[in-house]
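What follows is the residue order along each chain.
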Amino acid sequence: MFVVFDAIYTEGGVGRACFRLNLTQPAVSHALGRLRAMFDDPLFVRSNHEMTPTPLARQIITTVRQALNGLETTLTHASRFDPARTPKRFVIGLRNNLEAPLVSALINRISTVAPLVEIATVRSERANLERELAAGTLDVAIDTLLPISAEVRRVQVLSEDIAVFARRDHPDLRKRLDAKTYLRLEHVCVTSRRSGLSFEDFQFQRLGLKRTVRLTCQNFATACHVVSRSNMLLTAAESVDSVLGDPDLLQCLPCPFPITPHVNYLYWHATAESDTTNQWLREQLRATAAQMEESRSGRKKRSSTRTRGVPMSASVPAE
C-alpha cells in the first residue's frame, strides 16, 4: 500500500502511478482506499487534473520513503552479507566444555573483520536441536555425532583426544598414571544424562573395565574445581582445562586406556545452506576449529605429558 502511496505522490495521479507500478487502476484505487480508511484522511484531492496531497500526506511522505528505502536496502543486500558493515547477531548451540576455548578463539578471529557481529552461545537440548535450527532460534550448533534427519547438515570440525586431569600435587601421580592406579582412584564424571553410561564409561565397558565414580555433575567447571581440590580424577576431552580459572592447578595426563577421541560436528539446517550470513559463520567456525587443532598439535610436540589415544571403531553415546 505504501508503495502505491509513494507512486501517487510522485506521479501526481492514479493513472501515472498505475503505469509506474505496472498495476491496474482498480488495484491502485483499492490500495488507496485502504490507506484512506487507515489514516481517516483522503490523502490526495483532485485539483486541476492532478492529485494534490493533503497536509497529512505531506507530513508522512518522508517517513514512508525512508521506510521503503530501508526495506529496499535490506532486500538488496540480503544475499551479500558484508561482515565489516552489517550488524548481525549469531546464536550458536554449544556444549560447555567447548565454550571457553572455541568462543575465545572465534572472537579473536572475527573482532577486527566483523566489528558489528555479536555472538551468543546457548545450550540447546539435543531433542530440540533440529526444531531450533529449522526455526532459526539457532543459527548453527556444535555437538557430538547425533542421530538426526537429513534436513540438518553436518560436518566434522574438531577432534579431541581424551585425557585425564588431576591436581598438580596429587600424591599418587608423582611419576606417571598407569592403568592400575587409574582404576584404584575415584573419579568425577560430567554428563547431562540422568541415567545411562557417559561417553567414557561406555568405552570402559567395551574394554571390560569399571571405574569408581564418586561424583557425577553437569558442568566441567565444577568438575575441574573439585578435582583441583581432591584426589579424584577427571577423564574428558583435552580442552576441558580451559574452563578452570587457573589451569596450572591441574595436570593433564594421557589416558592409560585406548579411548576414542571426542569428535565434534558443526550442524546447520538445510534451509540455511545457501544463506551467505550462515555460510560466513560456518566458515569462521571451521577455520577457528582448525586453528585450535593446529595449536594443540604444536603443544603436543613440545610436551611429553600428552599422547594420543588409540582410535577404536565403536560408536559411543552422546553426552
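Remember, predicted model here, so these are calculated numbers, not experimental data.

Engineer: I'd like a rundown of the side chain of Q251, residues and numbers included.
Structural biologist: Mapped onto the fold, Q251 is located in strand β11 (residues 250-254). Residue class for Q251 comes out buried when judged on its relative accessible area of 12%. Side-chain polar atoms of Q251 contact the backbone oxygen of R167, separated by 2.9 Å. Every residue in contact with Q251, bar those within four places of it in the chain, is listed here: V164, F165, A166, R167, R168, H170 and L173.

Engineer: Tell me what's going on with the nonpolar core, and back it up with residues and numbers.
Structural biologist: In this structure, V117, I119, I142, L266, W280, L281 and L285 are the most contacted members of the largest nonpolar core, which totals 25 residues. Of all elements in the fold, only β3 (88-94), α5 (96-110), β4 (117-122), β5 (140-143), β6 (152-160), β12 (262-269) and α10 (276-302) reach the threshold of two or more residues within this core. Here this core takes 6 residues from α5, the largest share from any one element. Leave out the neighbours within four places in its chain, and V117 touches F81, P83, T86, K88, F90, I110 and W280. By size, the runner-up hydrophobic cluster in this structure holds 18 residues, among which are L32, F44, A57 and V64.

Engineer: Break down the sheet that holds strand β9 (residues 212-217) for me, with residues and values.
Structural biologist: Read across the sheet, 5 strands follow the order β9-β8-β10-β7-β11 without closing on themselves; strand pairing throughout is mixed. A single partner strand is all that each edge strand has here, and the edge strands are β9 and β11. Going across the sheet, the axis of each strand differs from the next one's by a mean of 35°, ignoring polarity. With 4 bridges connecting them, strand β7 (residues 162-167) and strand β10 (residues 233-237) associate as antiparallel partners. Paired with A163 across the strands is A236, a residue of β10.

Engineer: Describe in detail helix α2 (residues 14-21), supporting the description with residues and values.
Structural biologist: Buried residues of α2: V14, A17 and C18, and no others. Taken around the axis of α2, the buried residues stretch over an arc of 105°, which confines them to a single face. At its buried positions, α2 is contacted by α1 (2-11), α3 (25-39) and β2 (50-53). Phi turns positive one or two residues past the end of α2, at N22, with a value near 60°.

Engineer: An account of the pattern of salt bridges is needed here, citing residue identities and associated values.
Structural biologist: Inspection of the entire model under this criterion finds 12 salt bridges. Note that E273 and R153 form a salt bridge whose closest N and O atoms lie 3.3 Å from each other. Placement of E273 in the loop between β12 and α10 and of R153 in strand β6 is noted, with a sequence separation of 120 residues between them. Across the salt bridge formed by D169 and R167, the nearest N and O atoms sit 2.6 Å from each other. Within the structure, one salt-bridge network assembled from shared partners comprises R95, R126 and D143.

Engineer: If you had to explain the packing of aromatic side chains to someone new, which residues and values would you point to?
Structural biologist: Each aromatic ring pair is described using two quantities: the centre-to-centre distance and the angle formed by the ring planes. Tallying each qualifying case throughout the model produces 8 aromatic pairs. On the basis of an interplanar angle of 25° and a centroid distance of 5.9 Å, the ring pair of F90 and W280 is categorised as stacked. With F90 in strand β3 and W280 in helix α10, this pair connects stretches of sequence that are 190 residues apart. W280 shares its class with F90; the two are buried. For the ring pair F204 and F257, a centre distance of 5.8 Å and an interplane angle of 80° mean the geometry is edge-to-face. Of this pair, F204 sits in helix α8 (residues 199-206) while F257 sits in the loop between β11 and β12, and the two are 53 residues apart along the sequence. Through successive ring pairs, a cluster of aromatic residues spans F5, Y9 and F44. Here the basic side chain of R154 rests over the ring of Y265, its NZ or CZ set 5.9 Å away from the ring centre. Positioned above the aromatic ring of W268, the side-chain terminus of R282 is 4.3 Å from the ring centre.

Engineer: Report on the packing of α1 against α3, specifying residues and quantitative values.
Structural biologist: Packing of α1 against α3 leaves a shortest axis separation of 9 Å and a crossing angle of 100°. Overall, the two elements α1 and α3 adopt an arrangement that is roughly perpendicular. Across from F2, V4, F5 and I8 in α1, the residues of α3 making contact are V28, A31, L32, L35, M38 and F39. When the residues that make up the contact of α1 with α3 are grouped by side-chain class, the tally is 10 nonpolar, no polar and no charged.

Engineer: Summarise the sheet that holds β12; cite the residues concerned and give the values.
Structural biologist: Spatially, 5 strands are ordered β4-β3-β5-β12-β6 in an open sheet, and the strand pairing comes out mixed. Every other strand in the sheet has two partners, leaving β4 and β6 as the edge strands with one partner each. Taking each pair of neighbouring strands and ignoring which way they run, the sheet shows an average axis angle of 25°. Relative to β5, β3 is paired through 3 bridges, and the arrangement is parallel.

What counts and what doesn't
- Residues numbered from 1 in each chain as written.
- Predicted model: local features only at pLDDT ≥ 70, side-chain atom pairs only at ≥ 80, totals over all residues.
- Heavy atoms only, no water.
- Helix = DSSP H or I, 4+ residues; strand = E, 2+ residues; numbered from the N terminus.
- Buried < 20%, exposed > 50% of the residue type's maximum accessible area, 1.4 Å probe, protein only.
- Polar contact = N/O pair within 3.5 Å; in protein donor to acceptor, adjacent residues only side chain to side chain.
- Contact = heavy atoms within 4.5 Å.
- Core = buried A, V, L, I, M, F, W, Y, C linked by side-chain atoms within 4.5 Å.
- Pairing = 2+ DSSP bridges.
- Axes fitted to C-alpha atoms, helices over the stretch in contact; angles between N-to-C directions.
- Arc of directions from axis to C-beta.
- Salt bridge = Lys/Arg side-chain N within 4 Å of Asp/Glu carboxyl O.
- Phe/Tyr/Trp six-rings, centres within 6.5 Å; stacked < 30°, edge-to-face > 60°.
- Lys NZ or Arg CZ within 6 Å of the ring centre and 35° of its normal.
- Parallel < 35°, antiparallel > 145°, perpendicular 65-115°, else oblique.
- Nonpolar A, V, L, I, M, F, W, Y, C, P; charged D, E, K, R; others polar.

By themselves these figures say nothing about function.
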